[in-house]
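The residues making up each chain are set out below.
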Amino acid sequence: MTLLDGKKVAEHWRELTKKRVQAFVKKAGKPPGLAVILVGEDPASKVYVRNKKLECEQVGIRSFQHNIESFAPVESLYDLIRKLNLDSNIHGILVQLPLPDAFDKNKVLSLISPFKDPDGMTYENLGYSWAGQSRVKSCTPQGVMEILKYYKIPVAGKHAVVVGRSNIVGKPMALYLMEADATVTVCHSKTKNLEEITATADILVVAVGQPKLIGKAGVKKGAVVIDVGMHRPADGNLCGDVKFEELEGWASAVTPVPGGVGPMTIAMLMKNTVDLAELTV
Ligand code: NDP
């Protein structure tokens, strides 16, 4: 079984992005800038924000962190986004999700300029993608496609099953696999006989947010399994949506958790920020 090492692929992307950042600085006289907004105190979000900041430092992107208290007036977030939209030092605005209940995610996504949307999450950018005109691709599914490319896993003509249909992972994942000429089935929480369907996949992508939902019984022998899930149980042992330990000697290739899709999500965030910065010079 091949371990699809997302850290290694991300390292490859780090070098590419570093070079692009250096070229951008020469042209623009300043580095690309990424604003990261953390609202509230969610511990997992804090870790994600810290990792993004560290990665910015590694590739030479300037990061600007903004913290907003969960009890702050909602307008303080909306006003900050409006201000960052106009700031020429900022090329990407990332609002770490999920937001505390009082804040309206839809409002946030409608406020972020589609030209400063390194997550590809604004409705305009999602619409462009579905029309086959991607301006910015969603980070996590784009990262998955890059893992498949790096390991030369053929996609065209394969049956890909995506479990999960969120705007951030499942839907764009299905789209990118379809664009790469896979035949795609999308499953979700109302899907009947889930394992019967997942067990027909040549490429199985699981993004459900349920620890260890899919095991050997839901995987075809020789399948490629991409585990997007990320869970931090009380015992501290990170795990995904897939029972990794059951797949040895059964699947042909699997992404581990941690060290699989996660590092690629950040690598694609850096890439997208540079893509957006380059639009301005
Ligand atoms: P969401 O909660 O937004 O979506 C989950 C999807 O899974 C929904 O479409 C839901 O169906 C479906 N689902 C839930 N339970 C089941 C079930 N029992 N059977 C079949 N389908 C089910 O989650 P996200 O897409 O944002 O994230 C998914 C996972 O990926 C999470 O673990 C998250 O932490 C992780 N993640 C990891 C990233 C990384 O970089 N590694 C980045 C982003 C997310 P329905 O639509 O019917 O409700």
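In this text the structure is predicted, and so the values were computed from the model without any measurement.

**Student:** I would appreciate a short explanation of unusual backbone geometry in the present structure.
**Tutor:** Note on backbone geometry: most residues besides glycine have negative phi, and most peptide bonds are trans. Here the residue pair leucine 97 and proline 98 is connected by a cis peptide bond, since its omega of 0° sits within 30 degrees of zero. Take proline 98: it is sitting in the loop between strand E4 (92–95) and helix H4 (105–111). With an omega of 0°, the peptide bond between valine 257 and proline 258 qualifies as cis. Inspection of the secondary structure assignment puts proline 258 in the loop between strand E9 (253–254) and helix H9 (261–278). Even without being glycine, aspartate 181 reaches a positive phi, approximately 70°. Topologically, aspartate 181 is positioned in the loop between helix H7 (170–179) and strand E6 (183–187).

**Student:** Is there a simple way to think about the site of the ligand in this case?
**Tutor:** Residues in contact with the ligand amount to 21 residues; listed here are only the nearest, Arg165, Ser166, Ser189, Val228 and Thr265. Bound to the protein, the ligand loses 69% of the 920 Å² it would expose on its own. Taken together, the residues of the shell around the ligand break down into nine nonpolar, 11 polar and one charged.

**Student:** Just checking my understanding: could you explain the pattern of salt bridges for this structure?
**Tutor:** Two side chains bearing opposite charge may form a pair once their charged atoms approach each other closely. Under the counting rule described, the total for this entry stands at 14 salt bridges. The shortest N-O distance in the salt bridge between glutamate 245 and lysine 212 comes to 3.5 Å. Taken together, the residues span a long stretch of sequence, with glutamate 245 in the loop between strand E8 (224–227) and E9 and lysine 212 in the loop between strand E7 (203–206) and E8 at a distance of 33 residues. Under the relative-accessibility criterion, lysine 212 is labelled partly exposed at 35%. One network of salt bridges, with partners in common, ties together Arg20, Lys271, Asp275 and Glu278.

**Student:** Explain the pairing of E6 here, please?
**Tutor:** Residues in a regular strand point their side chains to alternate faces of the sheet. With five bridges connecting them, strand E5 (residues 159–163) and E6 associate as parallel partners. Residue pairing for E6: alanine 160 is matched across the bridge by valine 184. Of the crossover connections in this fold, the one passing from E5 over H7 to the parallel E6 is right-handed.

**Student:** Please clarify how the packing of helix H2 (residues 43–59) against H9 should be interpreted in this entry.
**Tutor:** Each packed pair of helices is defined by two parameters, the angle between the axes and the distance between the axes. Here H2 crosses H9 at 55°, and the two axes come no closer than 10 Å. For the element pair H2 / H9, the angle class is oblique. The handedness of the crossing between H2 and H9 comes out as right-handed. Where H2 approaches H9, its residues Asn51, Lys52, Glu55, Cys56 and Val59 are matched on the opposing element by Ile266, Leu269 and Met270.

**Student:** So what exactly am I meant to see when it comes to the sheet that holds E7 here?
**Tutor:** What holds strands together in a sheet is hydrogen bonding between their backbones, with the strands either parallel or antiparallel. Taken in spatial order, the six strands line up as E1-E9-E8-E7-E5-E6 in an open sheet, and their pairing is parallel. Since the sheet does not close on itself, it has two edges, and those belong to strand E1 (2–3) and E6, each with one partner. As judged from the two bridges shared by E8 and E9, these two strands associate in the parallel manner. When the bridges of E9 are listed, valine 225 appears paired with valine 254.

**Student:** Can you help me understand the sheet that holds strand E3 (residues 62–68) in this one?
**Tutor:** Strand order in the open sheet formed by three strands is E3-E2-E4, and the pairing between neighbours is parallel. With partners counted over all chains shown, the strands left at the sheet margins are E3 and E4, one partner each. The average undirected angle you get between the axes of adjacent strands in this sheet is 15°. Here seven bridges tie strand E2 (residues 33–39) to E3, and the two strands are oriented parallel to one another. By the bridge assignment, isoleucine 37 is partnered in E3 with histidine 66. The strands that H2 touches are E2, E3 and E4; relative to E2, the one it contacts most, it runs at about 165°.

Definitions and cut-offs
Residues numbered from 1 in each chain as written. Predicted model: local features only at pLDDT ≥ 70, side-chain atom pairs only at ≥ 80, totals over all residues. Heavy atoms only, no water. Helix = DSSP H or I, 4+ residues; strand = E, 2+ residues; numbered from the N terminus. Near = heavy atom within 4 Å. Areas by Shrake-Rupley, 256 points an atom, 1.4 Å probe, with all protein chains shown as cover. Nonpolar A, V, L, I, M, F, W, Y, C, P; charged D, E, K, R; others polar. Salt bridge = Lys/Arg side-chain N within 4 Å of Asp/Glu carboxyl O. Buried < 20%, exposed > 50% of the residue type's maximum accessible area, 1.4 Å probe, protein only. Pairing = 2+ DSSP bridges. Right-handed = clockwise from strand over helix to strand, strands pointing away. Axes fitted to C-alpha atoms, helices over the stretch in contact; angles between N-to-C directions. Parallel < 35°, antiparallel > 145°, perpendicular 65-115°, else oblique. Left-handed = near helix turned anticlockwise from the far one by under 90°. Contact = heavy atoms within 4.5 Å.

Any functional reading would require information beyond the geometric quantities listed.
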